[in-house]
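Structural characterization, general
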Amino acid sequence: MTPSSTSKASRSPNGARGDLFDPQCPTRRLLDRIGTKWTSMAVKVLAEASPQEVRFAELQRRMPGISQKMLSATLQGLAGDGLVGRRVEATVPPRVYYRLTPLGLTLEEPLAALREWAETHMAEVDRARRRSAEDASSG
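Residues numbered from 1 in each chain as written. Predicted model: local features only at pLDDT ≥ 70, side-chain atom pairs only at ≥ 80, totals over all residues. Heavy atoms only, no water.

Observations concerning a nonpolar patch on the surface
What counts is decided by this rule: Note that patches include only residues with greater than 30% relative accessible area and no salt bridge, and the join distances are 9 Å for like charges and 5 Å for nonpolar side chains (Val, Leu, Ile, Met, Phe, Trp, Tyr). With residues, only the protein chains shown are counted as cover, and all accessible areas are computed by Shrake-Rupley using a 1.4 Å probe. Criterion for a salt bridge: a side-chain nitrogen of Lys or Arg within 4 Å of a carboxyl oxygen of Asp or Glu. Helix numbers and strand numbers start at the N terminus; a helix is a DSSP run of H or I with at least 4 residues, a strand a run of E with at least 2.
Together, L20, F21 and L31 make up an exposed nonpolar region whose accessible area comes to about 300 Å². Within the element layout of this structure, L31 appears in helix α2 (residues 27-34).

Shown next as C-alpha cells:
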C-alpha cells in the first residue's frame, strides 16, 4: 500500500487506519508523542497504578529528571489524545489526578516491549556508538 493510496482514509474521522508514510497523516504526530521517554515513563507509572489515579506531584516524583513544565506538556498531550484522564479537586491549591483511559491502557503493552528491548540492548547500542565515534575520529 502506498502513502497516496490511503491518504484520504488515514485522515478520516471515522476511525480508518492511518498511514505513517503519508506526510499529512496524523499518525506521525501521535508517534512523535508516544515515542518519547517521558510518555513511556508516564504510561508505565499510570499503568502500574491503574485503576487508581496518581497525583501530579507523585508522577513527577516517580519520573526522575522530568521538569514540571515537561510533565505538564506530556500529560496535556496524552489527555488531548484520549490516552490519559485528568481530574481536578477544587482545593487550595488544586489537587490534580491522572489515570490511563481504557485506550491509554492498550498502549502499555507495546511501550513495555519497547522499554524491555531498550534495556536489554542498551550495552550493544553503546558499544556500536563508541565504535562509530572511534571510526569517525580516526578517518
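Here we look at the sheet that holds strand β1 (residues 54-55)
Paired through their backbone hydrogen bonds, the strands of a sheet run either parallel or antiparallel. Stated precisely, the cut-off is as follows: Any two strands with at least two DSSP bridges between them are considered paired.
Strand order in the open sheet formed by 3 strands is β1-β3-β2, and the pairing between neighbours is antiparallel. A strand with exactly one partner marks an edge of an open sheet, and here the two such strands are β1 and β2 (84-89). Sheet topology places β1 next to strand β3 (residues 95-100); 2 bridges connect them, and they run antiparallel. Residue pairing for β3: R55 is matched across the bridge by Y97.

Some thoughts on unusual backbone geometry
Residue P51 follows S50 across a cis peptide bond; omega there is 10°. Following V92, the chain continues to P93 via a peptide bond in cis, the omega torsion being -5°. Note on placement: P93 falls in the loop between β2 and β3.

Some remarks on the packing of helix α3 (residues 37-49) against helix α5 (residues 68-80)
How two helices sit against one another is set out by the angle between their axes and by the gap between those axes. How we decide: Every angle, taken between N-to-C directions, lies between 0 and 180 degrees, and every axis is a line fitted to C-alpha atoms, over only the stretch in contact when it is a helix. Throughout this description, any angle smaller than 35 degrees is read as roughly parallel, any larger than 145 degrees as roughly antiparallel, any in the 65 to 115 degree range as roughly perpendicular, and the remainder as oblique. Contacts are assigned to residue pairs that have any heavy atoms within 4.5 Å of one another. The residue classification treats Ala, Val, Leu, Ile, Met, Phe, Trp, Tyr, Cys and Pro as nonpolar and Asp, Glu, Lys and Arg as charged. All others, Gly included, are polar.
Close contact between α3 and α5 brings their axes to 10 Å; oriented N to C, the two are set at 75°. Classified by the interaxial angle, the pair formed by α3 and α5 is roughly perpendicular. Facing W38, T39 and A42 of α3, the residues of α5 in contact are M70, T74 and L78. Of the residues belonging to the contact of α3 with α5, the class tally is 4 nonpolar, 2 polar and no charged.

Some details on the side chain of T101
Here is the rule: The term polar contact refers here to a pair of N or O atoms within 3.5 Å; inside protein, the definition further demands a hydrogen-donor-capable atom paired with an acceptor-capable atom, and it admits residues adjacent in sequence only when both atoms are side-chain atoms.
Following the sequence through the fold, T101 ends up in the loop between β3 and α6 (102-138). Within the local environment of T101, its side chain forms a polar contact with the backbone oxygen of G82, the two atoms lying 2.6 Å apart. Setting aside its immediate chain neighbours within four residues, T101 contacts G82, L83, V84 and G85.

Side note on the confidence of the model for the protein
Put simply, the rule reads: For every residue, the predictor states its confidence as a pLDDT score lying anywhere from 0 to 100.
For the protein, the average pLDDT comes to 88, and 88% of its residues sit at 70 or higher. For the protein, helix α1 (residues 3-10) is the element with the lowest average pLDDT, namely 40, and β1 is the one with the highest, namely 98. This model gives residues 1-12 a pLDDT under 50, and the stretch forms 18 contacts once residues within four places in sequence are excluded.

Quick word on the packing of aromatic side chains
Put simply, the rule reads: Ring pairs are drawn from Phe, Tyr and Trp, using the six-membered ring of Trp, whenever the two centres fall within 6.5 Å, and their geometry is named by plane angle: stacked under 30 degrees, edge-to-face over 60, tilted for the rest. The buried label applies to any residue whose accessible area, calculated with a 1.4 Å probe on protein chains only, is under 20% of its type's maximum; exposed applies above 50%, and partly exposed to all values in between. Charge over a ring is defined by NZ of Lys or CZ of Arg lying within 6 Å of the ring centre and within 35 degrees of the ring normal.
Evaluated as defined, the whole model comprises 1 aromatic pair. Between F56 and Y98, the aromatic rings sit 6.4 Å apart at their centres with planes inclined by 50°, giving tilted as the arrangement. Taken together, the positions of F56 in helix α4 (residues 56-62) and Y98 in strand β3 put the pair 42 residues apart, joining distant regions of the chain. Overall, Y98 belongs to the buried group, its relative accessible area being 6%. Above the plane of the ring of Y97 lies R87, whose end atom (NZ or CZ) is 4.4 Å from the centre.

Describing the environment of V84
Locating V84 in the fold gives a position in strand β2. Relative accessible area serves as the criterion here: at 4%, V84 is assigned to the buried category. The contacts of V84, once residues within four sequence positions are left out, are L46, L78, A79, Y98, R99, L100 and T101.

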